Amino acid sequence: MLSETTSQSNINSQIHSYDASSIEAKWQQRWREQGVDAACDDAEDLREKYYCLVMFPYPSGQLHMGHVRNYCLGDAVARYKRMQGFNVLHPMGWDAFGLPAENAAIKHGRPPAEWTYNNIDEMRRQLKRLGLSYDWSREIATCHPEYYRWEQWMFTKLLEKGLAYRKEAEVNWCGPCHTVLANEQVVDGCCWRCDTQVERKSLAQWFIRITDYAEELLAELDSLKGWPEKVVGMQRNWIGKSSGALIDFEIEGDYEPLKIYTTRPDTLMGVTYMAVAAGHPLAQQAAAKSTELAAFLEACSHVSTKEADMATMEKKGMFTGVYANHPVTGAAIPVWVANFVLMTYGTGAVMSVPAHDQRDFEFAQKYGLPIKQVIGKPAGDWDGTAAMTDSGLLMQSGLFDGLHSEAAKQTIITHLEAQGKGCEKVQYRLRDWLVSRQRYWGAPIPVLYCDACGVVAEKEENLPVRLPEDLQPTGGSSPLTQCDEFVHAICPHCGGAAKRETDTFDTFMESSWYMARYSSSRDNATMLDRDAVSQWLPVDQYIGGVEHAVLHLLYARFYHKLMRDVGLFTREEGGDEPFKNLLTQGMVLKDGAKMSKSKGNTVDPNAIIAEFGADTARLFTMFAAPPEQDLEWNDSAVAGSRRFLNRVWRLVEKVVQISPSEAEAAANGAADVKLLKRHIHGTIQRVTHAFEHGFAFNVAIAALMELSNHLQAFKVGSDESVDVVFSHNEASVLREGVVSVLTMLAPFTPHFASECAERMGEGEMLVLKPWPVVDASALVQDEINLVVQIGGKKRGEVTVAKDAQQETVLAAVAADPLLNRWLEGMQMVKVVLVPGRLLNIVVKPA
RNA sequence: GCCGGGAUGGUGAAACUGGUAGACACGCCAGACUCAAAAUCUGGUGCCUUCAGUGGCGUGCCGGUUCGACUCCGGCUCCCGGUACCA
């Protein structure tokens, strides 16, 4: 009884459904055998190149839905471009160095290498199960010596050019991660990985001079037309260019002159006090004479970045007892210590103009300091309740009176320059990139410390400096520091004993150039093959999460320019910028929140593939939301995506069985065929448009669903039980429609579409078939339904010739009693005809 | 504060350069098939009104431009992301 029920239900589900797992395996094997996913390096290949890249994953062990979405987007683009006749490079690899591997190693007592390689194997399997069309022959893993040796080589070049250097500096230290961090990796004063508050420590570290490239990185943002404005804006803010002046204030007594940076030299004559950071030498020096001041400085140093909830923190200060001399008037100006002045920006000291700076204003009010207006308000009088920060004409400014702010800036700077008291200065917020990390699982920094020769770079023939892969981290300092075989080395300069650097590179170093390496990933003679670079770079379409807006995406732009300037390629060969177009996809949410293990709201891609098939997982992630928007996971909508595929499957079964009759179509048949043909080509137009403009795949798939609904209803209407006879013409257009749907589904659901196409007798390689082309003649309509508005409100439609003139349309309206009644007792004031769209009759009571 | 994005049915979302608001899908309701259920199929589904044809209202709020505004302009409110005592 039970078994009977089960078998019955199996039969039924077979009738309505298809077997995803067997056909997906079948097609994956065929594509692999036929090498359809490989990019062609052959110079004789005349196809235009297209480089489609998705951000490579960190091999954490399991693919999550965010990956699935990212990679399905990239795959849809790559497959579409292949069908459009491009020679597509669509590679994949592993960002394989990093902290999680060490943490896992500590937890499991096994070396990070093993964990990493196992994860890569598992994740590669998962990617293959999704049917993603990667050229696996170019796969790279950044932890492989054949990869990082070139990064080490590059670093030695940067050392030669003075673009890399070692310096003792105040740096960000994360205790739990046991390493320093770059500025970009500190978020709200906390470590970007473990979210604990970073400490400031003075340590000798390796830096790369990204600040030398600040201007170029900023200027070329304007050329990135294919990037989201948001990301461009974030990078612009991060670089933080401002222009102003450096001004020296002489200090009375035994002090160095006080150098300040200001963007408002025009307000110089309104300075009523100076403010320096607690860490400023002048403050420290003055504190030696005042216990009270020393106590205040001590208090300031304990205000952590965290509790300093910056926006609301109270402005505090104390007079140092020191006076500065105004560089123009010579007037004595009190120097204060203020907790809002940052030692890390500008010179750690500011001139305060309370009349024209809100922060200075609040401080002056609190401590009863004078406020002197030197800029006239453009309109009306200044009420003095808040700082007046607009530009305007100078007043109370002696010889500068009457100048406009903008002119005054220049005049005052020139005046100061003449007296050696100041100069023009462009300031950036960007700091040099700190690239050394006190971690084991990373690429060794190829330098040695020799007692005789000092800091020496490893020789090129000794590269790579191999990371021993069998060490076991324990949680404290890097096991490399205890590894004698690694540490004790020979100085490449004098041949004496030397110690190796045990710090490793920031893992963002590896991800900064992988896109270039894919062009020549198997080349062991050079970092980048010049021909391969000019063949493939720049990346035409880059796809990934927005969280890398000022991390990876800034570093990669920088590194690209470094590689160019080291001479690996010219600007003609590799371009100035690595990524032409950027798509930042949204997150995958469940119950309104980002999926995470801690929240317990994850959806496992394996489970979805097992239940519905890879094609359904792909289709849903592309259909549920536009790519750059967050996607809310919805289990029943996933099932709905699968239902759509089932319907197409049954449509294919039906069309395959049609044997056209010799009888000619009925009289109205011709019109039906024409309409269907218009639907088909309208859909081709819409789907192609989606691929060419913004990748609105949700709309593209909706269009395919719509067409498939039309195809199902063709000649049958809602009653499928009717035995319909198709003429040759009808059958052929129906077939054209189904093949079009399958062809356009191929980028989204490649296995399913291929299987259906094969059943239709369309041959094996749907994925290599040309993309359908719009037949413009099919879109032409002789008669159209024209919307009729009366008084701006839609009142109905009339059927008229597509190019009908106004009189004709009005006649049609008059002939329609339902429309005409709106005109009774009314006077026509105006008639607006939008050809092909609508007619609006403006009326008023007669 | 500043920069960027957003607000449309019960839900995810469509709407080309101003021209039929809600395509497509999920959910829900009803029906067909079934002993029954599942699956599948069909129909309905913005809100209010009406027996019904109809009519009115409706894209966060207020105002403007226009024959016509989700779309453009001015002024707000709220939400999301980024960033910040940056001098």
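Residues numbered from 1 in each chain as written. Chains lettered and ligands numbered in written order. Predicted model: local features only at pLDDT ≥ 70, side-chain atom pairs only at ≥ 80, totals over all residues. Heavy atoms only, no water.

Caption draft 1: Structural detail: the overall build of chain A. Along the backbone of chain A there are 28 helices and 32 strands. Dimensions of chain A, computed from the C-alpha atoms along their principal axes, are close to 110 × 90 × 60 Å. A separation threshold of at least 6 residues defines the contact pool for chain A, and within that pool the share at least 24 residues apart is 72%. Surface summary for chain A: the accessible area is close to 37,600 Å², and the carbon and sulfur share equals 51%. When the 84 basic and 108 acidic side-chain charges of chain A are each reduced to a single mean position, those positions are 2 Å apart. (Helix = DSSP H or I, 4+ residues; strand = E, 2+ residues; numbered from the N terminus. Contact = heavy atoms within 4.5 Å. Areas by Shrake-Rupley, 256 points an atom, 1.4 Å probe, with all protein chains shown as cover. Lys, Arg positive; Asp, Glu negative; His and termini not counted. Charge placed at Lys NZ, Arg CZ, Asp CG, Glu CD.)

Caption draft 2: Expanded view of the domain arrangement of chain A. Taken domain by domain, chain A comprises domain 1 (2-141 + 509-594), domain 2 (149-209 + 440-472 + 485-504), domain 3 (242-427), domain 4 (635-778) and domain 5 (781-845). The straight-line distance from the C-alpha centre of domain 1 to that of domain 5 is 55 Å. (Domains from an automatic or database assignment.)

Caption draft 3: Structural detail: the nonpolar core. The biggest cluster of nonpolar side chains holds 188 residues, and the ones touching the most others in it are Phe155, Trp433, Tyr514, Met527, Met563, Trp633 and Phe748. The dominant element in this core, judged by the number of residues it contributes, is helix α3 (residues 65-83), at ten residues. Beyond its immediate stretch of four places on either side in the chain, Tyr514 contacts Leu53, Val54, Met55, Phe56, Ile140, Tyr147, Tyr542 and His552. One finds Met269, Ala287, Cys300 and Ile413 within the second-largest nonpolar core, a separate group that totals 43 residues. (Core = buried A, V, L, I, M, F, W, Y, C linked by side-chain atoms within 4.5 Å. Buried < 20%, exposed > 50% of the residue type's maximum accessible area, 1.4 Å probe, protein only.)

Caption draft 4: Geometry of the sheet that holds strand β6 (residues 179-181). Strand order in this open sheet of four strands is β6-β5-β9-β17, and the pairing throughout is antiparallel. Among the strands making up the open sheet, the edge pair consists of β6 and β17 (433-434). Sheet strands in contact with helix α6 (residues 145-160) are β5 (164-174) and β9 (199-208), and its direction is about 90° off that of β9. (Pairing = 2+ DSSP bridges. Axes fitted to C-alpha atoms, helices over the stretch in contact; angles between N-to-C directions.)

Caption draft 5: Geometry of the environment of Val533. Mapped onto the fold, Val533 is located in helix α16 (residues 530-536). Separated by 354 residues in sequence, Val533 and Thr179 have C-alpha atoms that sit 35 Å apart. Not counting the four nearest positions on each side in its chain, Val533 is found in contact with Ser519, Leu528, Phe569, Glu573 and Gly574.

Caption draft 6: Unusual backbone geometry, seen in detail. Looking along the chain, the bond that leaves Leu463 and enters Pro464 is cis, with omega of 0°. Structurally, Pro464 is set in the loop between β20 (454-457) and α13 (484-487). Residue Pro538 follows Leu537 across a cis peptide bond; omega there is -5°. Examined against the element boundaries, Pro538 turns out to sit in the loop between α16 and β24 (539-545). Even without a glycine there, the phi angle at Gln396 is positive, about 45°. Tracing the sequence through the fold places Gln396 in the loop between α11 (358-367) and α12 (405-418).

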